[in-house]
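# Secondary and tertiary structure notes
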There are 2 protein chains.
Amino acid sequence: MASEATARQKALEDAIELEHFLPYRLSRLTNTVSNAIAELYRDSFGLSIPDWRVLAVLARFPDSSAQDLVTRTRMDKVAVSRSVARLVERELVNRSIDSNDRRLSRLSLSDGGVEVYRRIVPMARDCEARLLESLSAKQRQALDDVLMALQAAADELTATS
Amino acid sequence: MASEATARQKALEDAIELEHFLPYRLSRLTNTVSNAIAELYRDSFGLSIPDWRVLAVLARFPDSSAQDLVTRTRMDKVAVSRSVARLVERELVNRSIDSNDRRLSRLSLSDGGVEVYRRIVPMARDCEARLLESLSAKQRQALDDVLMALQAAADELTATS
DNA sequence: GCGGTATAGTTTCATTTGTAACCATCTTGA
DNA sequence: TCAAGATGGTTACAAATGAAACTATACCGC
């Protein structure tokens, strides 16, 4: 009885203050940001975030294969496949087959895709700018370093387990 | 023709380097971390991340109502409802009805819930520690500040739109 | 060349998640 | 006191997501 009460007490003393728990804070921040952005893309162009990511990578790396997209975005290959299908359907992306390896798609933005991309970029930049405005120059640099280090550590996490 | 080529050129010059785009980096980091943690909780205790969050909040704030959980975690109320249902089903959480307002649930960890919680806490802490290990003391402080500022800015984002 | 294996990409199906409708209870104000 | 909201919570349905199976092509060793 007393020991049960003690155990319970100990649990509470050890209690994680969720609001200071890094993974939780990260997740909350990301959700807030992602939802804001998702709304933007969806309302303006009917694009989901995965769609937008594919678009953005193709803008930078034309003639990527689906596999290239997977590697670059770290999205699931099914997600990539679906986004590409949607974008091709909407004629924002052109798909052709690699002449050397018929398994590979060659994906690029169509003119329409480039146009959509050009119109989204300022919105994306604006969104990012509004976030960064809240930071000093020093903090921005720190953020950059920290994100890099954390991503590396997080990759270690998954590798180790 | 030339102008089309020029437009396309311009788009590429403006291209967002996704890998430096803050929302993207955040999302990628969070996904990596969340997936690692989700695996941990799921494999060890069959808990999803939402389940764990509810558990953690109840450890700190016993006798919360479902609405309290929504407020504290910023989870969707449906998600909370579902997690609570699962946890009650598994007898990790006790649910009773508030005597003053029969709409309200009063939720607390059962002894079993406390036990599970106690066993998870070190794992969660360890995970967090491994992430933070990659940072200097200075960087950790900076991270704290930056996360706070960014969350505030992100909340502004959604409020403004 | 030919069987075995690896890779690219899609489809299928089960699970998760979110939105909206819903029911029960409480509060307010005529 | 009772009608009209407001609030707490669940249910039902639709959309997004993920894991695994599948198809098609390519490579590798013999």
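Here's a quick rundown of the structure. (Residues numbered from 1 in each chain as written. Chains lettered and ligands numbered in written order. Predicted model: local features only at pLDDT ≥ 70, side-chain atom pairs only at ≥ 80, totals over all residues. Heavy atoms only, no water.)

## Some remarks on the packing of helix H2 (residues 22-45) of chain A against helix H2 (residues 22-45) of chain B
Put simply, the rule reads: To define axes, lines are fitted to C-alpha atoms, for helices over the stretch in contact only, and angles between the resulting N-to-C directions are given on a 0 to 180 degree scale. Strands are runs of DSSP state E lasting at least two residues, helices are runs of H or I lasting at least four, and both sets are numbered from the N terminus onward. If an angle is under 35 degrees, it is roughly parallel; if it is over 145, roughly antiparallel; if it lies from 65 to 115, roughly perpendicular; otherwise it is oblique. By convention the crossing between two helices is left-handed if the near helix lies anticlockwise of the far one by an angle smaller than a right angle, and right-handed if it lies clockwise. Throughout, a contact is declared for two residues whenever any of their heavy atoms are within 4.5 Å. As a working rule, the residues Ala, Val, Leu, Ile, Met, Phe, Trp, Tyr, Cys and Pro are called nonpolar, Asp, Glu, Lys and Arg charged, and the rest polar, with Gly in that last group.
Where H2 of chain A meets H2 of chain B, the closest approach of the two axes is 9 Å, and the angle between their N-to-C directions is 135 degrees. The orientation of H2 of chain A relative to H2 of chain B falls into the category oblique. Seen from above, H2 of chain A lies across H2 of chain B with left-handed handedness. Facing Pro23, Leu26, Ser27, Leu29, Thr30, Val33, Ser34 and Ile37 of chain A of H2 of chain A, the residues of H2 of chain B in contact are Pro23, Leu26, Ser27, Leu29, Thr30, Val33, Ser34 and Ile37 of chain B. When the residues that make up the contact of H2 of chain A with H2 of chain B are grouped by side-chain class, the tally is 10 nonpolar, six polar and no charged.

## Observations concerning the packing of helix H4 (residues 66-73) of chain B against helix H5 (residues 77-89) of chain B
All names here are of chain B. Between H4 and H5, whose axes approach to 9 Å, the crossing angle comes to 120 degrees. Classified by the angle between their axes, H4 and H5 sit oblique to one another. Read as a crossing pair, H4 and H5 show a hand that is right-handed. Mapping the contact onto sequence places Ala66, Leu69, Val70 and Thr73 in H4 and Lys77, Val80 and Val84 in H5.

## A short note on the protein's contact with DNA strand D
Put simply, the test is: Here a residue counts as near a molecule or strand whenever at least one of its heavy atoms sits within 4 Å of it. Throughout this description, a polar contact denotes any pair of N or O atoms lying within 3.5 Å of each other; where both atoms belong to protein, one of them has to be capable of donating a hydrogen while the other can accept it, and for residues adjacent in sequence the pair is counted only when both atoms sit in side chains.
Residues in close proximity to DNA strand D total 18 residues, the closest being Arg82 and Arg102 of chain A together with Gln67, Ser81 and Arg95 of chain B. Put simply, 56% of the atoms of DNA strand D that lie within 4 Å of the protein are in sugar or phosphate. Between DNA strand D and arginine 103 of chain A, the relevant distance is 3.5 Å, taken from a base oxygen to a side-chain nitrogen or oxygen of the residue. Take glutamine 67 of chain B: an N or O atom from its main chain is 2.5 Å from a phosphate oxygen of DNA strand D.

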